[in-house]
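In case you want the letters, here they are:
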Amino acid sequence: DTGVSQDPRHKITKRGQNVTFRCDPISEHNRLYWYRQTLGQGPEFLTYFQNEAQLEKSRLLSDRFSAERPKGSFSTLEIQRTEQGDSAMYLCASSITLNTEAFFGQGTRLTVV
Amino acid sequence: ILNVEQSPQSLHVQEGDSTNFTCSFPSSNFYALHWYRWETAKSPEALFVMTLNGDEKKKGRISATLNTKEGYSYLYIKGSQPEDSATYLCAFLNQGGKLIFGQGTELSVKP
């Protein structure tokens, strides 16, 4: 197992386009988190899953953001009608239980032009 | 709204100095407090997971303490080295499993 994998690593898109990111957590990790990080800030919580169930979505997120985790394995994060303010690093993390640390992927850097 | 606050925002020290950072978090609905180190161009990596009030953890020159009743944790680095330069993040885990990060403390250690 090579850790948490995110794809793509970089994405440049035009304003108004839809984008989808994928996260493959470490095998058997039932918790999966999505964060957004901008320069000089810590990871901002977006949403999290326990297995296939989405437990919470940040109230700061607009309806343009949606995430899924079918079958409790990989997860996708979709942003519809992208805006320049969506430009950020999107991080995924997974953990096996509440008592263990989260392991992070290398992130997807989104640039909206 | 969960607020996790870290101070200072940044710190510049000389090699050999000892440093400490503060993380404050809600004292209710607590499950665990995490500390991570985030080096440039890498992913955040866990340093400690702390669950009990009064917990003290140590890894080499780095140690951390936890006070869940008053909602704070300290991270200490003894004899800072240039390779300690990174952003240090704390994260509050509530009983529902939501993991909220602070904004981080950026440490720069000059040789």
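Residues numbered from 1 in each chain as written. Chains lettered and ligands numbered in written order. Predicted model: local features only at pLDDT ≥ 70, side-chain atom pairs only at ≥ 80, totals over all residues. Heavy atoms only, no water.

Further remarks concern the state of the cysteines. Counted according to the given criterion, the structure contains two disulfides over all chains. Across the disulfide from A:Cys23 sits A:Cys92; the S-S distance is 1.9 Å. On the S-S bond that ties A:Cys23 to A:Cys92, the torsion sits near -70 degrees, and the link is left-handed. Of this pair, A:Cys23 sits in strand E3 (residues 19-24) while A:Cys92 is found in strand E9 (residues 88-95), placing the two residues 69 residues apart along the sequence. Its relative accessible area of 0% is what places A:Cys23 among the buried residues. Residue A:Cys92 is classed as buried on the basis of its relative accessible area of 0%. The residue that forms a disulfide with B:Cys23 is B:Cys90, at a sulfur-sulfur distance of 2.0 Å. (Disulfide = S-S within 2.5 Å. Helix = DSSP H or I, 4+ residues; strand = E, 2+ residues; numbered from the N terminus. Buried < 20%, exposed > 50% of the residue type's maximum accessible area, 1.4 Å probe, protein only.)

Quick look at the sheet that holds strand E1 (residues 5-7) of chain A now. Residue and element names in this part refer to chain A. The strand order across the open sheet formed by four strands is E1-E3-E8-E7, and the pairing between neighbours is antiparallel. Of all strands in the sheet, those bounded by a partner on one side alone are E1 and strand E7 (65-68). With strand direction ignored, the average angle separating the axes of adjacent strands in the sheet is 15 degrees. (Pairing = 2+ DSSP bridges. Axes fitted to C-alpha atoms, helices over the stretch in contact; angles between N-to-C directions.)

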